[in-house]
Amino acid sequence: MTTLYLVRHGETVANKAQILQGQTQGELNDEGRAQARVLCEKMRHEQIDVFVSSDLFRSVETCEIIAEPHGKPVVQTPLLRERDWGGFTGKFIPDLKDMVWPDDIESLEAMQSRARNFITWLKVTYPDQTVLAVGHGIINKAIQSVYFHKAMNELHPMTNAEVRVLML
């Protein structure tokens, strides 16, 4: 059985400014780096075999901070990228409340398919290992949706630098 520590990246400049980042690289702010360091200390003595991250910078940086005391590299995968918000990317979130969604937003079904592919990849690539994976709010919710067989809107959102444990 593969143990998955599923983590959301630390707070970013865009999170704080309420800007929809989607699949842009993003950048941790000082609070986000501090959140990652707190989680690093919490996970310091856990036996973690592999560190995996979305290939977007905000997740990679979070994962590198957490992995540092373990002396292990971070494996990057686009499977953990955040939802592609298409034409909404870069927009001020409160302004989007009553907007018609553009056709180029990644569907929930596509996200859940990516989540299933991520879970399968983990189980095949790292069987019986402990993996810490840093993703994003919505892809992490999709992973949990697939794992728990629940609709995404039934799951509580993850806060920045929160960790949840899944046994795959």
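All figures in this text were calculated on a predicted structure; none of them were measured in a lab.

**Side note on the side chain of S59**
Residue placement: S59 occurs in helix α3 (residues 57-67). On the basis of relative accessibility, which here comes to 0%, the residue S59 falls in the buried class. For S59, the side chain forms a polar contact with the main-chain oxygen of G135, separated by 3.2 Å.

**Overview of helix α5 (residues 137-148)**
Here α5 spans 16 Å end to end across twelve residues, near enough to the 16 Å set by a 1.5 Å rise per residue. Most of α5 sits out of view: nine of its twelve residues are buried. Listed as buried for α5 are G137, I139, N140, K141, A142, I143, Q144, S145 and V146. On its buried side, α5 packs onto β1 (3-8), α4 (108-125), β4 (130-135) and β5 (163-167). Two residues or fewer after α5 comes H149, characterised by a positive phi angle close to 55°.

**Side note on the packing of helix α2 (residues 30-43) against α3**
Running from amino to carboxyl end, α2 crosses α3 at an angle of 35°, the nearest separation of the two axes being 8 Å. Judged by the sense of rotation from one axis to the other, the crossing of α2 with α3 is right-handed. Residue-level inspection shows R33, A36, R37, L39, C40 and M43 of α2 in contact with α3, the latter providing E61, T62, I65 and I66.

**Comments concerning a nonpolar patch on the surface**
Residues M1, V165 and M167 make up a contiguous nonpolar surface patch of about 300 Å² in total accessible area. Inspection of the secondary structure puts V165 in strand β5.

**A few points about the nonpolar core**
With 20 residues, the main nonpolar core has L4, V52, F118, L122, V131 and I143 as its most contacted residues. Broken down by secondary-structure element, the contributors of at least two residues to this core are β1, β2 (50-54), α4, β4 and α5. By residue number, the principal contributor to this core is α4, which donates five residues. With residues up to four places along the chain from it excluded, the contact list for L122 reads T2, L4, P127, V131 and L168. Grouped together as the second largest cluster of nonpolar side chains are 13 residues, M43, I48, C63 and L132 included.

Thresholds, definitions, all that
Residues numbered from 1 in each chain as written. Predicted model: local features only at pLDDT ≥ 70, side-chain atom pairs only at ≥ 80, totals over all residues. Heavy atoms only, no water. Helix = DSSP H or I, 4+ residues; strand = E, 2+ residues; numbered from the N terminus. Buried < 20%, exposed > 50% of the residue type's maximum accessible area, 1.4 Å probe, protein only. Polar contact = N/O pair within 3.5 Å; in protein donor to acceptor, adjacent residues only side chain to side chain. Expected span 1.5 Å × (residues − 1). Contact = heavy atoms within 4.5 Å. Axes fitted to C-alpha atoms, helices over the stretch in contact; angles between N-to-C directions. Left-handed = near helix turned anticlockwise from the far one by under 90°. Patch = residues over 30% accessible without salt bridge, like charges linked within 9 Å, V, L, I, M, F, W, Y side chains within 5 Å. Areas by Shrake-Rupley, 256 points an atom, 1.4 Å probe, with all protein chains shown as cover. Salt bridge = Lys/Arg side-chain N within 4 Å of Asp/Glu carboxyl O. Core = buried A, V, L, I, M, F, W, Y, C linked by side-chain atoms within 4.5 Å.

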